Amino acid sequence: MPPRIGGPYSAGGEGALEHPVNEESAYRVTYDSKANQRHALAYHLSQWWRWLFAWVVFGLIVTGLAGLLLSMGSFIRYPIGKLWQFAAAFGFALVLVALLEYLRKSATAADFLIGKSWTCRLTPEHWVYEGDDGVTTHIPWKIMTIEYESKDAWILSYGASV
Amino acid sequence: MDPLLRGQRLTIYRKPMQDAGLEEEFLTRVSRA
């Protein structure tokens with residue numbers, strides 16, 4: 001059964017009735033995993049200064065712990081030179097793997113939506129999307145704000161963030 | 001659309017909107033931070 005394109009039976013409150021469907025402003029969207037991945041990567045790259053800050057803080061903590069370890073090592077006269085090099089390499093690899101895994105999960109978090117489609121619509125008052133299950137969501141223009149844009153997508157916020 | 005985004009946020013694809021010739025209208029209506 002093809003999805004309904006709006007209509008007076010759509011849920012969504014008064015807005016749906018005040019602004020009947022304009023078929024010309026409706027379009028179909030299918031979940032695009034590749035576009036999501038490119039968009040997520042572009043978003044994280046745009047946040048490079050946050051990564052840099054986290055990296056500096058992490059470095060300071062590791063340096064402090066290393067200093068503590070070295071002072072303890074000199075106290076107990078334990079040869080930790082090689083151990084320190086190993087620990088540094090291991091720590092760096094651990095952070096790198098964690099970072100790559102974070103990026104991978106972030107980029108594929110919505111992949112359970114593969115194969116899903118929505119009908120989207122622009123009305124004078126709302127941006128509307130309707131899933132194939134018939135649930136329709138109306139978001140008023142006046143509370144929508146573009147937070148980030150890439151060549152693939154926008155991240156929009158609407159209302160209060162939790 | 002990405003329901004896993006935190007808070008009341010979502011991802012909207014540009015290409016389908018561009019293909020429908022609605023991108024300009026969308027950008028006119030939505031505010032940009």
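Each chain carries its own residue numbering, running from 1 in the direction its sequence is written. Ligands are numbered from 1 and chains lettered from A, in the order in which they are written. In keeping with the model being predicted, local features are shown solely for residues with a pLDDT of at least 70 and side-chain atom pairs are shown and tallied solely at 80 or more, while totals for entire chains, interfaces and linings include all residues.

Chemist: Where do I start with the overall build of chain A in this structure?
Modeler: Only DSSP runs of H or I with at least four residues qualify as helices, and only runs of E with at least two residues qualify as strands; both kinds are numbered from the N terminus onward. In terms of regular secondary structure, chain A is built from 4 helices and 6 strands. For chain A, the succession of helices and strands along the chain, N to C, is α-β-α-α-α-β-β-β-β-β. A buried classification covers 15% of the 162 residues belonging to chain A. Our contact criterion uses C-beta atoms placed from the backbone: two residues qualify when those atoms are within 7 Å. The contacts in chain A between residues at least 6 apart in sequence include a share of 58% that link residues at least 24 apart. With C-beta atoms placed from the backbone, a residue is labelled by how many other C-beta atoms lie within 10 Å of its own: buried for 20 or more, exposed for 12 or fewer, partly exposed between the two.

Chemist: Explanation requested: the interface of chain B and chain A in the structure shown.
Modeler: Where interface size is quoted, it is often the accessible area lost as the parts come together. Counting residues at the interface gives 24 residues for chain B, matched by 29 residues for chain A. No other element matches the 5 residues that strand E1 (residues 9-13) of chain B contributes to the side of chain B that touches chain A. As a working rule, the residues Ala, Val, Leu, Ile, Met, Phe, Trp, Tyr, Cys and Pro are called nonpolar, Asp, Glu, Lys and Arg charged, and the rest polar, with Gly in that last group. For the side of chain B that touches chain A, the class distribution of residues is 13 nonpolar, 4 polar and 7 charged. Here, strands pair whenever DSSP counts at least two bridges between them. Bridge analysis of strand E6 (residues 153-158) of chain A against E1 of chain B gives 5 bridges, and the strand direction is antiparallel.

Chemist: Just to check I follow, could you spell out the pairing of strand E2 (residues 117-122) of chain A for this structure?
Modeler: Along any regular strand, the residues point their side chains to alternate faces of the sheet. Within E2 of chain A, 5 of the 6 residues are buried, which leaves the element mostly enclosed by the surrounding structure. Counting the residues in the hairpin turn of E2 of chain A and strand E3 (residues 126-131) of chain A gives 3 residues.

Chemist: Please explain the sheet that holds strand E1 (residues 26-30) of chain A as it appears in this structure.
Modeler: One key point about sheets: their strands pair by backbone hydrogen bonds, in either a parallel or an antiparallel sense. Residues and elements named next belong to chain A. Read across the open sheet, the 4 strands follow the order E1-E2-E3-E4; overall the sheet is antiparallel. Either end of the sheet is taken by a strand with one partner, and the two such strands are E1 and strand E4 (136-140). Sheet twist, expressed as the average angle between the axes of neighbouring strands with direction ignored, equals 20°. Taken together, the 5 bridges between E1 and E2 define a ladder with antiparallel strand orientation. Within E2, the residue paired with alanine 26 across the bridge is arginine 121. Only C-alpha atoms enter the line fits that serve as axes; for helices the fit covers just the stretch in contact. Angles between N-to-C directions range over 0 to 180 degrees.

Chemist: I'm lost on helix H2 (residues 33-46) of chain A in this one. Help?
Modeler: Because each turn of an α-helix spans 3.6 residues, side chains separated by three or four positions end up pointing in the same direction. Residue and element names in this part refer to chain A. Each residue after the first adds 1.5 Å to the expected span of a helix. Between its first and last C-alpha, H2 extends 20 Å over 14 residues, near the 20 Å set by a 1.5 Å rise per residue. Along H2, the residues classified as buried are Asn36, His39 and Ala40. Projected down its long axis, H2 shows its buried positions confined to an angular sector of 100°, all on one face. Of the exposed residues in H2, the ones pointing more than 90 degrees away from its buried face are Lys34 and Leu45. The arc in question is the one traced by the directions running from the helix axis out to the C-beta atoms.

Chemist: In this structure, what is going on with the confidence of the model for chain B? I would like to understand it.
Modeler: Residues shown with low pLDDT carry predicted positions that ought not to be read at fine detail. Residues and elements named next belong to chain B. Confidence in the prediction for chain B averages 81 pLDDT; 76% of positions are at 70 or higher. Mean pLDDT values for the elements of chain B range from 77 in strand E2 (residues 31-32) up to 94 in helix H1 (residues 15-19). The ipTM for the predicted assembly is 0.81, set against a pTM of 0.69. For every residue, the predictor assigns a confidence score, pLDDT, that lies between 0 and 100.

Chemist: Looking at this model, I keep getting lost on the nonpolar core. Mind explaining?
Modeler: Within soluble globular proteins, side chains that are nonpolar tend to cluster in buried spots. What makes a nonpolar core is a set of buried Ala, Val, Leu, Ile, Met, Phe, Trp, Tyr and Cys residues, with links drawn between C-beta atoms within 7 Å. Ranked by internal contacts, the top residues of the largest apolar core, which has 17 residues, are Trp127, Met144 and Leu156 of chain A together with Ile12 and Phe26 of chain B. Of all the secondary structure elements, the ones that give two or more residues to this core are E2, E3 and E6 of chain A together with E1 of chain B. Ignoring anything within four residues of it in the chain, the contact list for tryptophan 127 of chain A reads Leu122, Ile139, Trp141 and Met144 of chain A.

Chemist: I tried to follow the sheet that holds E1 of chain B on my own but got confused; where do I start?
Modeler: Spatially, 4 strands are ordered E1(B)-E6(A)-E5(A)-E2(B) in an open sheet, and the strand pairing comes out mixed. Both outer strands of the open sheet, E1 and E2 of chain B, are each paired with one neighbouring strand and no more. For strand E5 (residues 144-149) of chain A and E6 of chain A, the ladder comprises 5 bridges, and the chain directions are antiparallel. Counted as the bridge partner of isoleucine 146 of chain A is leucine 156 of chain A from E6 of chain A. Docked against the sheet, H2 of chain A engages E5 and E6 of chain A together with E1 of chain B, running at close to 70° with respect to E6 of chain A.

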